[in-house]
Every structure is written in structure tokens, then in C-alpha cells.
Amino acid sequence: MAYWIKISEDRKEYIVNLDRIGAFCVEPNQRIKFWLPDSGQPIVVNGQSNPEVYQMLCNYIDKTLSQVTHDYWIRIEYERKEYLINLARIHTFTCDTGKRITFWLPDGVEPIILNPQTYPAVYHQVQDYIRTTTGYSLP
């Protein structure tokens, strides 16, 4: 079932199906950023200037992470921001000789680089997801 939300930002009105969003970035200054599906355009909702929509997004994120499908979602503190990422929306994973796993946010251009020493729990979640979903493994 689709979860539609109406957002007024930057003199534009958007009607977005949140169930199609693959990643959210929650910043400490009450901002939530996500990328529109199929376009990569970022939308930033500021809790100060748009408190109702900000709260709706927070409620949606909490609800999504508490559902049975949460196995595909990971939560990571990365570069002083909290990212919530649906691994099922990731299409490419790479691994370098330093055993760092890199993937790009769905519908965005920002890479997430996981070092096994810096992010051990999330690193293993991603490894398990890759193994379970693709049948392949990364170090």
C-alpha cells in the first residue's frame, strides 16, 4: 500500500510515495533529506520551517524500521548524520583490497563506504544481506 505525502519546499509542491524512497538522511539540525525515485533529486525537509511534514517523515521512518521488513533497512551514523537505507534498493556493492564495502544511495549519487573496523555491526549486516540475497559474498 502506498504512503503518500504532500511537501511544500523551495516554492514547489511535491506529492511523494514514501514507500518508494530508498534512503533517508536525518541530520542533527532537524533536517531530513531523501532523494526522489528515478530522478535523484534531493528533497530536504527542515523541522523548523516545515514541522508538520518533518514529524510525518519521522513517524514514517519509525514505522518502517519497526515493521517485519526491517531486515532490509539499516541504520548507520555516517559523517555526523544518521542514514536509514533500504538495502533492497541497492543495485551495486563493491569491495576493495582494504575490505571496505562501498555502495551508492538509492536514487542518489552519494557513496557509503563501510570499513569493517569503523562500522562492524552494519558491515556484517550488509555482508549477510549480500550473501542471502545474491548468493555471493564479499570479504
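Every value quoted in this text rests on a predicted model; they were computed, and no experiment measured them.

**Some thoughts on the pairing of strand β5 (residues 42-46)**
The alternating pattern of β5 places I43 and V45 on a buried face, while none of P42, V44 and N46, on the opposite face, is buried. Note that strand β4 (residues 31-35) and β5 share five bridges and pair antiparallel. By the bridge assignment for β5, I32 is matched with V45. Linkage of β4 to β5, two consecutive antiparallel strands, is achieved through a turn of six residues, within which D38 is found at a positive phi near 65°.

**Examining the sheet that holds strand β7 (residues 81-86)**
With antiparallel pairing, five strands are arranged side by side in an open sheet as β5-β4-β3-β7-β6. With one partner strand each, in any of the chains shown, β5 and β6 (73-78) form the two edges of the open sheet. The mean inter-strand angle of the sheet, taken between neighbouring strand axes irrespective of direction, is 20°. Contacting β3 (23-27), β4, β5, β6 and β7, helix α1 (residues 51-66) crosses the sheet at an angle of about 65° to β4.

**Regarding the packing of aromatic side chains**
Evaluation of the coordinates by the stated rule reveals nine aromatic pairs. Considering the side-chain rings of Y3 and Y60, the 4.9 Å spacing of their centres and the 45° angle between planes classify their relative orientation as tilted. Linking Y3 in the segment before β1 (4-9) with Y60 in helix α1, this pair joins segments that are 57 residues apart in sequence. The partly exposed category is assigned to Y3, whose relative accessible area is 27%. Summarising the aromatic geometry, the rings of Y78 and Y119 are spaced 5.8 Å apart at their centres and angled 40° between planes, so their arrangement reads as tilted. Pair noted here: Y78 is in strand β6 and Y119 is in the loop between β10 (111-114) and α2 (120-134), with a separation of 41 residues, a long-range link. In this structure, Y78 and Y119 share a single accessibility class: buried. Three or more aromatic residues joined by ring pairs make a cluster, and in this case those are Y3, F24, F34, Y60 and W73.

Definitions and cut-offs
Residues numbered from 1 in each chain as written. Predicted model: local features only at pLDDT ≥ 70, side-chain atom pairs only at ≥ 80, totals over all residues. Heavy atoms only, no water. Buried < 20%, exposed > 50% of the residue type's maximum accessible area, 1.4 Å probe, protein only. Helix = DSSP H or I, 4+ residues; strand = E, 2+ residues; numbered from the N terminus. Pairing = 2+ DSSP bridges. Axes fitted to C-alpha atoms, helices over the stretch in contact; angles between N-to-C directions. Contact = heavy atoms within 4.5 Å. Phe/Tyr/Trp six-rings, centres within 6.5 Å; stacked < 30°, edge-to-face > 60°.

Bear in mind that shape data such as this cannot, by itself, settle questions of function.
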